[in-house]
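# Summary of structural features
One letter stands for each residue in the lines below.
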Number of protein chains: 2
Amino acid sequence: MTFAEKQKQYADILVTLGVNVQSGQELVIRCDTAAAPFARIVTAAAYTAGAREVIVHFRDDKISRMRYEYAPTDVFTSVPEWESEGMNYYAARGAAFLSIVSEDPEAFKGVDPQKLAARNVAADEAFRPYYERMDKNELQWCVAAAASPEWARKVFPDRSEESAVAALWEAIFRAVRIGGNVQEKWTEHGESLKKRCAFLNEKQFKKLRYQNGLGTDFTVGLVENHIWTGGAEQTKTGVTFFANMPTEEVFTMPHCEQAEGVLKSSLPLSYQGSVIRNFTLRFHDGKVVEYHAEEGEETLKMILEADDGSRRLGEIALVPYNSPISQSGILFLQTLFDENAACHFALGQCYPNTMRDGEKLNREDLRAIGGNYAINHVDFMVGTADLSITGINASGDETLIFENGGWAF
Amino acid sequence: MTFAEKQKQYADILVTLGVNVQSGQELVIRCDTAAAPFARIVTAAAYTAGAREVIVHFRDDKISRMRYEYAPTDVFTSVPEWESEGMNYYAARGAAFLSIVSEDPEAFKGVDPQKLAARNVAADEAFRPYYERMDKNELQWCVAAAASPEWARKVFPDRSEESAVAALWEAIFRAVRIGGNVQEKWTEHGESLKKRCAFLNEKQFKKLRYQNGLGTDFTVGLVENHIWTGGAEQTKTGVTFFANMPTEEVFTMPHCEQAEGVLKSSLPLSYQGSVIRNFTLRFHDGKVVEYHAEEGEETLKMILEADDGSRRLGEIALVPYNSPISQSGILFLQTLFDENAACHFALGQCYPNTMRDGEKLNREDLRAIGGNYAINHVDFMVGTADLSITGINASGDETLIFENGGWAF
């Protein structure tokens, strides 16, 4: 396949499997100006699939960075209504939402964390109608990626720009299974994730214990009636979609007051344009009580101090260490990829649909039974080649789930 | 000067002379994704000049074209509030507005004129709060250009893309007087335009007669107390700005019920992504009663049939045929440049500030004394190397204003 054919096939699966845009439905795309050429291909695919209208909200990394550098702090404490309505309006109309990430992982390195934090608080409030519809499974959404020169340079620092961009595109294509009968490959992949989920859902473990040579020694509780989820999701009205492309994980809801011990990061974490490396989190009663990072501790601090929920866990995700993305050996510095290369957790907001009828509960009721609420949802990777995970049921019986970094069943 | 130095100087004058952004003021920039690299340079210049925040609204020609091709007509009959508020909100806050044009002159060639017309009607209504503040001299605004591959290819069809883009940038730099002490050059240029205005304002002609070998034979009335304007403008609060860069014209308000005879176009007109070539307009009692175009007549029809005012004149502009842009010999297919290469008129909306106290009148009162109101404002060029223009005063005395295409005084 030529590069153009691969891009076209990729755009097609984002539209038909990712957001699964329906005839007459609106599609909102968010992306950086660097991804404009790819956004055009996706737009054409969406109209071909019957979209009523494709609305593209462009942002520009470098212009956003200048804003953080030069605009006064009070600019970030509110989001003007025109901006939030650009999402909320279409969410209320039942649109589908595609986010194309292509950012420089260090776009905002060194900018004032107060401004970033203020923006997060304001955005959480301003975009709530949109987020609520996501949480209640009322809309299709998908996060995917496009290569950009700035991002490619960080992933392949020794190559020329042209070669780095080409290599990053190829890595993306491999990660999303481009080539041949891609629809069939995704169907099979989705089914295999569903089988893992079925096994774990049957077990209904009370807690999981993590151990590896890096120093992780950690136990986390699961909420009652938790649901392991993976592969395609489904809206209330029965439209399937893949919320992430690629996706290799099965994930569920931890009890946000039940976490003890030490987690060691196994991959760098790129968060809002800064990279946090080699960090340790110590939990007690579900809460981070001690933390340290060799690099980016200021950013880690900003995440953890955003609110109470940002110090607790909202997601447990299992990914074998031999997943295709992991085997590529590429450190993408982009959570969408790196989280699919290793077992991970998320600090912050839980996914209500990873507990039976969770999406029917309001925030307070969900929190009362262990479902975390927070302004943040930040994935961080802990999986290693020697990771073992043991499931423990109500009677204290133990089942080995992961050994040597991969599935034990 | 290097290319980067020229771009930097250009960005600086757009910020300091064009919109003249004030310390603590917001700047809204509108541009195509193709102009993102230049928008970044302008953004940096604006923050350096003390802007509180720079908001950039990106659009994408190719995505807009697909929308016109595939979205149903009713998508174009209204503008969602988030979109209009993206302008109106900042206009109400007293922001400055910079529009950077870089479009393919034929971006929308062949799309359904009904959809374009519907969008124009809806936009006129939705953005009215913004337009009203412009008309009342309550905000600084500037239209300028950035080269793009699509545009450059149309201007220099025989060159490689790289060479065409470079040539178009150089042509833009020359047109806006980049190099050396550019601030001083603009000051001198502005003063020379003001002198032309002073002479014409003193004369207060009743009408102007146009004649040339192309077939133009035309007389147009001027409103009472008309003001010839050129060079820098000034907001109510005394902030000067250049509404166009480049600008070579002096312009005033025609009486929209006084135009007789035939106008022949002397340059192609690129309007909303289509090009109209070699067209003739015959006027009677101020109104176009007959028209024909060798190419793009459908687009001309769309303009003229938008409303009553779009068949009448709203602006008379004088530009010597030996202006720098004209001398470059380049047909830009972009009104911002081509209108500064030749005498022109605009069909449609008048500029209220080209009549004494015009900006204090409401639309109906202005219309009653000859100031046109319309949904459109479309400049078209009539200047040729042999154009003569004669001013006629209340007593019937004649003064030659233009001879052989240039100033006669």
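Residues numbered from 1 in each chain as written. Chains lettered and ligands numbered in written order. Predicted model: local features only at pLDDT ≥ 70, side-chain atom pairs only at ≥ 80, totals over all residues. Heavy atoms only, no water.

## Some thoughts on the overall build of chain A
Helix and strand counts for chain A stand at 13 helices and 20 strands. What you see for chain A is a C-alpha radius of gyration of 20 Å, in line with the 22 Å of a compact globule of 409 residues. In terms of overall dimensions, chain A has C-alpha extents of about 55 × 50 × 45 Å along its principal axes. Within chain A, counting contacts between residues at least 6 apart in sequence, those at least 24 apart form 75% of the total. A total accessible area of about 15800 Å² is found for chain A, and carbon and sulfur atoms account for 47% of it. In chain A, 41 side chains carry a positive charge and 58 a negative one; their mean positions are 1 Å apart. (Helix = DSSP H or I, 4+ residues; strand = E, 2+ residues; numbered from the N terminus. Rg over C-alpha atoms; globule rule 2.2 N^0.38 Å. Contact = heavy atoms within 4.5 Å. Areas by Shrake-Rupley, 256 points an atom, 1.4 Å probe, with all protein chains shown as cover. Lys, Arg positive; Asp, Glu negative; His and termini not counted. Charge placed at Lys NZ, Arg CZ, Asp CG, Glu CD.)

## Side note on the interface of chain B and chain A
Between chain B and chain A, the residue contacts involve 29 residues of the former and 29 residues of the latter. The partner of D60 of chain B in a salt bridge is R40 of chain A, with the nearest N and O atoms 2.7 Å apart. Where the side of chain B that touches chain A is concerned, the elements lending two or more residues are helix 2 (36-48), strand 2 (53-59), helix 3 (61-70) and helix 4 (81-92) of chain B. At 6 residues, helix 2 of chain B tops the list of elements feeding residues into the side of chain B that touches chain A. (Salt bridge = Lys/Arg side-chain N within 4 Å of Asp/Glu carboxyl O.)

## Structural notes on unusual backbone geometry
In this chain, M245 of chain A is followed by P246 of chain A through a cis amide linkage whose omega measures 5°. Structurally, P246 of chain A is set in the loop between strand 9 (240-241) and strand 10 (250-252). Here N20 of chain A, not a glycine, exhibits a phi torsion of approximately 50°, which is positive. Tracing the backbone through its elements, the reader meets N20 of chain A in the loop between helix 1 (3-18) and strand 1 (26-32). The class of N20 of chain A is buried, set by a relative accessible area of 17%. Unusually for a residue other than glycine, N225 of chain B sits at a positive phi of about 60°. Among the secondary structure elements, N225 of chain B is positioned in the loop between strand 6 (217-222) and strand 7 (229-230). (Buried < 20%, exposed > 50% of the residue type's maximum accessible area, 1.4 Å probe, protein only.)

## With respect to the nonpolar core
Residues Y10, Y210 and L318 of chain A together with Y10, Y210 and L318 of chain B are the most contacted members of the largest nonpolar core, which totals 214 residues. The contacts of Y10 of chain B, once residues within four sequence positions are left out, are F38, A144, A145, W169, I172, F173, V176 and I178 of chain B. (Core = buried A, V, L, I, M, F, W, Y, C linked by side-chain atoms within 4.5 Å.)

## Concerning the pattern of salt bridges
Across all of its chains, the model carries 56 salt bridges over all chains by this definition. When the shortest N-O distance is used, the salt bridge between E103 of chain B and R59 of chain B registers 2.5 Å. With E103 of chain B in the loop between strand 3 (96-101) and helix 5 (113-126) and R59 of chain B in strand 2, the pair connects residues that are 44 residues apart, well separated along the chain. Look at the salt bridges and you will find they share partners, linking E26, R52 and R93 of chain A together with D74 of chain B into a network.

## Observations regarding the relation of the copies chain B and chain A
Mapping chain B onto chain A calls for a screw motion: a turn of 180° about the axis and a shift of 0.0 Å along it, with 0.0 Å RMSD after fitting. Both copies of the chain, as the preceding transformation shows, are related through a two-fold rotation axis. Considering only C-alpha atoms, the residue of chain B closest to the rotation axis is W82 of chain B, which sits at 2.1 Å. (Least-squares fit on C-alpha atoms with pLDDT ≥ 70 in both.)

## Brief notes about the sheet that holds strand 17 (residues 377-381) of chain A
All names here are of chain A. The strand order 7-10-15-16-17 describes an open sheet built from 5 strands, whose pairing is antiparallel. The sheet is open, and its two edges are formed by strand 7 (229-230) and strand 17, each paired on a single side. Relative to strand 17, strand 16 (residues 344-348) runs antiparallel, the two being bridged by 5 bridges. Its bridge partner lying in strand 17, H344 is registered against M381. (Pairing = 2+ DSSP bridges.)

## Describing the confidence of the model for chain A
Averaged over every residue, the pLDDT of chain A is 96; the share at 70 or more is 100%. Across the whole predicted complex the pTM is 0.93, and at the interface the ipTM reaches 0.92. (pLDDT = per-residue confidence, 0-100.)

## As for helix 1 of chain A
The complete set of buried residues in helix 1 of chain A reads K6, Q7, Q9, Y10, A11, I13, L14, V15, L17 and G18 of chain A. Count one or two residues on from helix 1 of chain A and you reach N20 of chain A, which has phi positive near 50°.

## Re the packing of aromatic side chains
All told, the structure shown has 56 aromatic pairs over all chains when counted by the stated rule. Consider the rings of W186 of chain B and F242 of chain B, whose centres lie 4.9 Å apart with planes at 75°: the pair is edge-to-face. Linking W186 of chain B in helix 9 (residues 182-203) with F242 of chain B in the loop between strand 9 (240-241) and strand 10 (250-252), this pair joins segments that are 56 residues apart in sequence. With respect to burial, W186 of chain B and F242 of chain B carry one shared label: buried. Of the aromatic side chains, those joined through ring pairs into one cluster are Y210, F218, F279, F283, F345 and F380 of chain A. Directly above the ring of W186 of chain B sits R177 of chain B, whose terminal nitrogen or CZ lies 5.9 Å from the centroid. It is R196 of chain B that lies over the ring of F409 of chain B; its NZ or CZ is 5.3 Å from the centre. (Phe/Tyr/Trp six-rings, centres within 6.5 Å; stacked < 30°, edge-to-face > 60°. Lys NZ or Arg CZ within 6 Å of the ring centre and 35° of its normal.)

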